Structures are given as structure tokens and as C-alpha cells.
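# A look at the structure
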Amino acid sequence: MGQLLSIIAHILMYCSLLFQQRMAALHRLRQCHPTGTAISHLHTSSRAPAKQHYKMLVLGGGSGGIAMSARMKRMLGAENVAVVEPSEMHYYQPIWTLVGAGAKSVASSGRPTASIMPSGVKWVKSRVQEISPDTNTVRTEDGTEISYEYLIVALGLQLHYEKIKGLPEALEHPKIGSNYSVETVEKTWKALQNFKEGNAVFTFPNTPVKCPGAPQKIMYLSDDFLRKTGKRANANVIYNTSLPVLFGIKKYADSLWQIVKSRDLQVNLRHNLIEVRADKQEAVFENLDNPGETKVIEFEMLHVAPPMGPCSVLKDSPLADQAGWLDVDKDCLQHKRYPNVFGIGDCTNLPTAKTAAAVGSAILESTLRYDGYSSCPLVTSYNTVVLAEFDYNGQPLETFPINQAKERRVMYHMKADLMPYLYWHGFLRGLWGGPEPYRKLLHLGMK
Ligand SMILES: Cc1cc2nc3c(=O)[nH]c(=O)nc-3n(C[C@H](O)[C@H](O)[C@H](O)COP(=O)(O)OP(=O)(O)OC[C@H]3O[C@@H](n4cnc5c(N)ncnc54)[C@H](O)[C@@H]3O)c2cc1C
């Protein structure tokens, strides 16, 4: 199985690379944006006195930052590229959904940052503290000033557990977990294993989130686990979401509603978690359609998707839009006011779901036009997935010529086995440009 997956992954990456090379050649004839500026044609003049200088500076060494730095290394040479990233470890976050349900180990989700940093690229092991695009400089927390010609911002987003009353302390409690961080993901699995009877409660916050499917994926997995262990008859499985819908894309939402009904899962829309009382095992929700009305739910297990927002260094910089996200052109990912600044991933204000899949497609498209492709493998049990794929217009943009709204076992293997392999061996090397070539091939060029 492992060898087969490895062969498939290599073929996929080879095709992806060929496709990207062809598109890049096309791009030399056609600019990405009529009023935009391609990287190779940019001219920047001001250069503030600084201790270090790089032609290409990348802020953040997560999924987007590492993949882009690998690409920039090939384009400009390793000595011209630097990445500012404080963490010693790099994590493949999408697998945390399965870690929280005990189907994968947390160790399998991480590798040392040193091992995935493109060789020869300078790793500045620090946190960016200030971004000054008017002088083309950034300052790190140890006071180093770095100047750049081009900047790629890939700072991800910030989790705000502290915005829910009682939650930071509550995360010490054995019955509360969150798949959203490496420190708390294993707690979800412990709480699930220790479940006896009562309410298993899952939440979705009242903010933009990364991977909007993740808060409910763990609900389906927990339901499956409780059935397998004979505890489901004594459990109420409850999903309280701030959203007015179960999922943003109707085709997949319709399918999920059927699953929810058939498995007797309780979904409460417009319910926002505002407080956790760990000692009493109570969660307090506000009704967003009726401000001031609150509801207290006792729980035997609680999974929290915390509020999220742009990271403070970006929010406080001139690069941010009014909400604090990186203000980029949605077609070519170039900053709207600073033409030598580009952005990728969760930190941007692109109107699409914040996912690694979106990052992958944007990597290819950043030199062409990005169509907003994003994807969410909705894990609905320990062996099935509904594979949602869609564009900026909320229209399904499916890779396979089959109905992807149906639960399928093969999609589960893709999520659990193939995608992690592609991530470590292709995506982070900047070789994965999204599924577009396969979509075209499988639909005989019709999509
Ligand atoms: C539970 C869960 C399930 C998910 N499931 C899926 C899925 O099934 N499919 C999918 O496509 N995506 C999924 N995602 C989302 C996916 O992981 C993210 O969208 C993706 O990692 C975004 O990449 P990024 O580079 O924008 O941000 P990140 O990968 O988060 O990287 C941001 C980096 O910036 C660094 N940073 C932060 N602040 C600073 C600073 N001040 N200075 C320097 N560096 C800084 C951080 O240390 C981090 O390394 C999931 C995420 C979670 C948590």
C-alpha cells in the first residue's frame, strides 16, 4: 500500500510540475493581471539601512511560506531568499482531525523545521515584530532589521482561545479538547476515549476559521467511535455552530444534512460558544439571532474550535485591510497598495475557505490567475469522506468525474494516506500546484 501510494504521488507530482512549466511558459506571453506587476518586472528603489538584505523575504514558514520559498529558490537562487519563522517544528495541520479521533499519531503530523526548510535558503529563526512596507523593511523580536526587494507574507492566522470566558483554564480539564492546536489535539482523543454517557458537544466560532469543515469532522468521527464502542445509545451528539448553514456550499451541505439526520446528530445553527465552566462541565452559548438569549449545556465531552483572527503583527501594519487581513488582489495575490508585496494562505483576505488546498492552488496561480479554488475533505466516519471542492463563486469545482457529495472510502484513503505524502514530498517543495491538471484530464478538458 505504502509503495503504491508513493508511486501514485510521484506520478501526480511529475504531471503537476510539467503542467506548471507549461503554464509558466504561457505566462511569459500573458501577464497575470492587466494592471498588476509581475515579480520579474518589478522595480523597487528605497532601501533602508539594515543589517540584512534579501531579494525575496518570506514571513512565516508554515504551509504557504515553505512552499513559496522553495519556488522562489528555484527562481532566484537560494542565497537570495530568506524565511522568518520562529518555530522549531513544522506541522501538517490537516491530519490533526484524525489525531483527535485516534486514527493517527500526533508525532506523524510534525517534522523539524530545519528538515523542511529548502536547502541554502536562510532561516531567520525569530518572530516578525514590525512590518514597514514604506521602507521595505521588517524588524524581528531580537531587534534585527531585514530589508527586502520583494516580500511574501504567509503568517497564517491567530487562535484566540482567550476570547471565550473560562476557556484557557478549561483546556486543562480532561473532558475538553481542541483539534486546532498541537498542545490540545490529543486531549480530544482522551476525552473521547473516556466518554461514558451524556452530551458530546462540538462548536464552531463566530469568526472566520481555517478549514471550516474541521469543527464538524470531529463530530462525525466521535459519533462513529461511540457507535463502535457501544456508547452511542447513551450519548447526545450536538453540533452548535455560529453559522446560519451547516456548510457554505449547498451541494455538500445537502449531503451533510442527510448524514446528520440519518445518524441522529443534533445541529443548532447560530449558536455561539461564549463561556466554558469546566468545574461544572457546562458550556454557555448565545443565540446570535436573538442577542442576549443564552443557553447552558452540560457536557461529558467538549470539542472547541476557537475564535480566530489575523495575527497582531499584520493587523498593526499598513498591509492590513480594515479587518486586519492582508489586503491582496484576489486574482493574482499581489498587495493592493504595495506592488512588491504578495500574500498567500490564511493571512490573506481572499474570499475563499482558508485551507492548505487553497494555498496549493494559489502557488501555481500566483503567476497566472487564481480562481479561488479551495477544498475540504469532510471526514464523515473512520472510513468515509465527502470531498468538497469549490471556487470563489461557491460553485463545486470537482476533480473527479463522479459525484463527490457522496461519502466514499477511496476519498478517506486520499485524505489519510495520499495527501500527507504529497504534502511532505511535493507541496512543501513547491511542486504541487493544485489538482487543475488532473481535473482537466479527467473531464477531458471540459472543466
Ligand atoms: C484541525 C485542522 C484541520 C485542517 N484540515 C484541513 C484539510 O483537511 N484540508 C486543507 O486543505 N486544510 C486544512 N487545514 C488548514 C490548513 O492547515 C491551513 O489552511 C494551512 O496550514 C495554511 O497555511 P499558511 O501558510 O497560511 O499558515 P500556517 O501553515 O499556519 O503557517 C503560518 C506560519 O507563520 C508563522 N508565524 C506566525 N506568526 C509569526 C510571526 N510573527 N513571525 C514569523 N512567523 C510567524 C507560524 O509559526 C506558522 O509557521 C486544517 C487546519 C486545522 C487546524
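Summary of the structure given here.

Calculation notes
- Residues numbered from 1 in each chain as written.
- Predicted model: local features only at pLDDT ≥ 70, side-chain atom pairs only at ≥ 80, totals over all residues.
- Heavy atoms only, no water.
- Pairing = 2+ DSSP bridges.
- Helix = DSSP H or I, 4+ residues; strand = E, 2+ residues; numbered from the N terminus.
- Contact = heavy atoms within 4.5 Å.
- Axes fitted to C-alpha atoms, helices over the stretch in contact; angles between N-to-C directions.
- Buried < 20%, exposed > 50% of the residue type's maximum accessible area, 1.4 Å probe, protein only.
- Polar contact = N/O pair within 3.5 Å; in protein donor to acceptor, adjacent residues only side chain to side chain.
- Expected span 1.5 Å × (residues − 1).
- Salt bridge = Lys/Arg side-chain N within 4 Å of Asp/Glu carboxyl O.

### A closer look at the sheet that holds strand S12 (residues 235-241)
Read from one edge to the other, the open sheet built from five strands follows the order S10-S17-S11-S12-S13, with strand pairing classed as parallel. Every other strand in the sheet has two partners, leaving strand S10 (176-177) and strand S13 (266-268) as the edge strands with one partner each. This element, helix H7 (residues 214-228), spans strand S11 (198-204), S12 and strand S17 (301-303) of the sheet and lies at about 175° to S12.

### Notes on the side chain of Thr355
Structurally, the position occupied by Thr355 is in the loop between strand S19 (341-343) and helix H10 (356-365). Given a relative accessible area of 8%, Thr355 falls into the buried group. Polar contacts involving the side chain of Thr355 include one to the main-chain amide nitrogen of Ala358, which spans 2.9 Å. Dropping the residues within four chain positions of it, Thr355 is found in contact with Cys211, Pro212, Asp346, Ser374 and Ser375.

### Some details on helix H8 (residues 250-262)
Relative to the 18 Å expected for 13 residues at 1.5 Å per residue, H8 spans 18 Å between its end C-alpha atoms, a close match to the ideal helical length. Following H8 by one or two positions, Asp264 adopts a phi angle in the positive range, close to 60°.

### Details of the pattern of salt bridges
Using the criterion set out here, one finds 19 salt bridges in the structure. A salt bridge links Lys165 to Glu275, with the shortest nitrogen-to-oxygen separation between them at 3.9 Å. One end of the pair, Lys165, is in the loop between strand S9 (157-159) and helix H5 (167-170); the other, Glu275, is in strand S14 (residues 271-277), and 110 residues separate them in sequence. On the basis of relative accessible area, Lys165 is assigned to the exposed category, the value being 55%. The salt bridge partner of Lys251 is Glu398, with a shortest N-O separation of 3.1 Å.

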